[in-house]
Amino acid sequence: MGGVIMLMLFLCLFAGTISVVWGEDPYFYLTWNVTYGTISPLGVPQQAILINDRFPGPNINATTNNNLVIKVFNNLDEPFLLTWNGIQQRKNSWQDGVAGTNCPIPPGTHFTYHFQVKDQIGSYFYSPTTAMHRAAGGFGSLRINSRLLIPVPYPDPEDDYTVLINDWYTKSHTILKKLLDSGRSIGRPTGVLINGKTAKGDGKDEPLFTMKPGKTYKYRVCNVGLKDTLNFRIQGHPMKIVEVEGSHVVQNNYDSIDVHVGQCFSALVTANKKPMDYYIVASSRFTKGVLTGKGIIRYANGKGGPPAPEIPKAPIGWAWSLNQFHSFHWNLTASAARPNPQGSYKYGQINITRTIKLSNSVSRTKGKLRYAINGVSHVDPETPVKLAEYFGIGDKVFKYDTITDNPPPNIGTAVTLQPNVLNVTFRNFIEIIFENNEKSVQTYHLDGYSFFVVGSEPGTWSPVKRKDYNLLDAVSRHTVPVFPKSWSAIMLTFDNAGMWNLRSEMAENRYLGQQLYLSVMSPERSTNDEYPMPENILRCGLVKNLPKPKP
């Protein structure tokens, strides 16, 4: 009995950070102040978005099934929202933090996000979704560790390091937004950052990480950039990939990894080389003129000084990247959180009920640049489509199914500007085909879900391509690259009720319309399928003064 009392007293000491309720998973409370600040990551002073005075923002270190309560104070001079990239938000699209589900947080006010990292493990990140704020920062790492009772398929590392890589513009986020609003492109980035900086290599750089000889470390790498695929490598050190976007994978060694925008992976690195400094490198892929960012890893017993000047080279061409993408396979023997519904890891045995083909295009409408999916370039209405649907006034804000499941082969460049919302039947098992008609690599992300990437090939998709699908051990992930003039196929069960954003992870493409929303509505409108609207939800547009609908 005395031991129980001592345990309760011990827990109370941490009540300001963790609230423990018997029979319920732990709660973590965070308070974030979002402000402007001045930084010079590429030697040019510029305005950045800081969270608690940090760039990048604070790291969230959670464990499977933890509840996160994050109070965000917006001290900017314009509305602001955060999304939780890759977090499935079970039954809770109210916390998704995108313009189609949430009203932005007005300047000088706050909003509290409350969600559970349910049945997930792995490496993720958060980032702004309003305007072009991600170009100014506001992003950070969100890691979800396995519970202690669930073993991971590798020994515990000596330490666990977060590596955020991204392309970076020295133009401010307001200038980039004005360029897009005027109908122009934002052009090429200026450089590449690693954890918000890049090393000069003059022997005066402080190390980002330190390793002890003979020890193995876990590196969590996420591409939080705007446009470019980045190749990541560590000078003289192979990387053993153990996790990709929330899934344990069959472990293989790689000299370098292509990380597409919005993607994350975890690698084990062993300090078994000469004790000195080494570069970690991130460089742009598939671009004219390679941009390179560097950081320093230091051996604990090394003498410091500049690393060897020979930086390992990145591969050439996107065929290499496609082949590497095919090399990732799900580790079916690892104990870990599994995607819902339970049993969906046998996805190859589930009958497909619907096939949706999504074809991208770029064009000019009234002289202004626009990106589209199946001929529709999405425009966010003043009233978020989720709120309009919930309050029963959807017909005043948007129309369902303005695009067809099977667009014509040559859809052309004519586009319609309007909200793009697809109706999806709850719990149906669906195949989605992404067709890339452009000469650049595209990346798509789906909020609220993980899916199985079963195929990706050059050329045009047709039903006969299904015979080449990986129906056994495709990786369960939340982001899919689509290579130039190629297609990628995914499969998933739409069992997570809500309004979910499917978008291009390229900031320019997303901002100018290459996104849509998927309405996944429970026929019973049961709280067992979707949580009711939170009392603190922000209202705007047509629902601002409407009475709350009855449950």
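Computed from a prediction, not measured in an experiment: that's the story for all the values here.

Caption draft 1: View of the nonpolar core. Ranked by size, the top nonpolar core spans 42 residues in total, and within it Trp-32, Trp-84 and Tyr-113 carry the most contacts. Beyond its immediate sequence surroundings of up to four residues, Trp-32 is in contact with Ile-51, Asn-52, Pro-58, Ile-60, Ile-70, Lys-71, Val-72, Phe-73, Leu-82, Trp-84 and Tyr-126.

Caption draft 2: Looking closely at the side chain of Gln-116. Following the sequence through the fold, Gln-116 ends up in strand 7 (residues 110-116). Residues within four places of Gln-116 in sequence aside, it is in contact with Asp-25, Asn-65, Asn-66 and Asn-67.

Caption draft 3: A look at the confidence of the model for the chain. In this model, the chain carries an average pLDDT of 92, and 93% of its residues clear a pLDDT of 70 or more. The low-confidence segment residues 1-23, where pLDDT is below 50, has 13 contacts with residues more than four positions distant or belonging to other chains.

Caption draft 4: Representation of the state of the cysteines. By the definition in use, this model includes 2 disulfides. Sulfur-sulfur distance for the disulfide between Cys-103 and Cys-540 comes to 2.1 Å. Handedness of the Cys-103-Cys-540 disulfide follows from its S-S torsion of about -90 degrees: it is left-handed. Of this pair, Cys-103 sits in the loop between strand 6 (82-85) and strand 7 while Cys-540 sits in the segment after strand 33 (515-521), placing them 437 residues apart in sequence. Classification of Cys-103 as buried rests on a relative accessible area of 3%. Sequence-ordered numbering of the bonded cysteines in the chain gives a pairing of 1-4, 2-3.

Caption draft 5: Fine view of the sheet that holds strand 16 (residues 247-254). Read across the open sheet, the 6 strands follow the order 11-10-13-18-15-16; overall the sheet is mixed. Strands at the two margins of the open sheet, each flanked by one partner only, are strand 11 (191-194) and strand 16. The average angle at which neighbouring strand axes cross in this sheet is 25 degrees, direction not considered. One ladder, built from 6 bridges, connects strand 10 (residues 160-168) with strand 13 (residues 216-223); its direction is parallel. Residue pairing in the sheet places Leu-164 in a bridge with Cys-222 of strand 13.

The rules we used
- Residues numbered from 1 in each chain as written.
- Predicted model: local features only at pLDDT ≥ 70, side-chain atom pairs only at ≥ 80, totals over all residues.
- Heavy atoms only, no water.
- Core = buried A, V, L, I, M, F, W, Y, C linked by side-chain atoms within 4.5 Å.
- Buried < 20%, exposed > 50% of the residue type's maximum accessible area, 1.4 Å probe, protein only.
- Contact = heavy atoms within 4.5 Å.
- Helix = DSSP H or I, 4+ residues; strand = E, 2+ residues; numbered from the N terminus.
- pLDDT = per-residue confidence, 0-100.
- Disulfide = S-S within 2.5 Å.
- Pairing = 2+ DSSP bridges.
- Axes fitted to C-alpha atoms, helices over the stretch in contact; angles between N-to-C directions.

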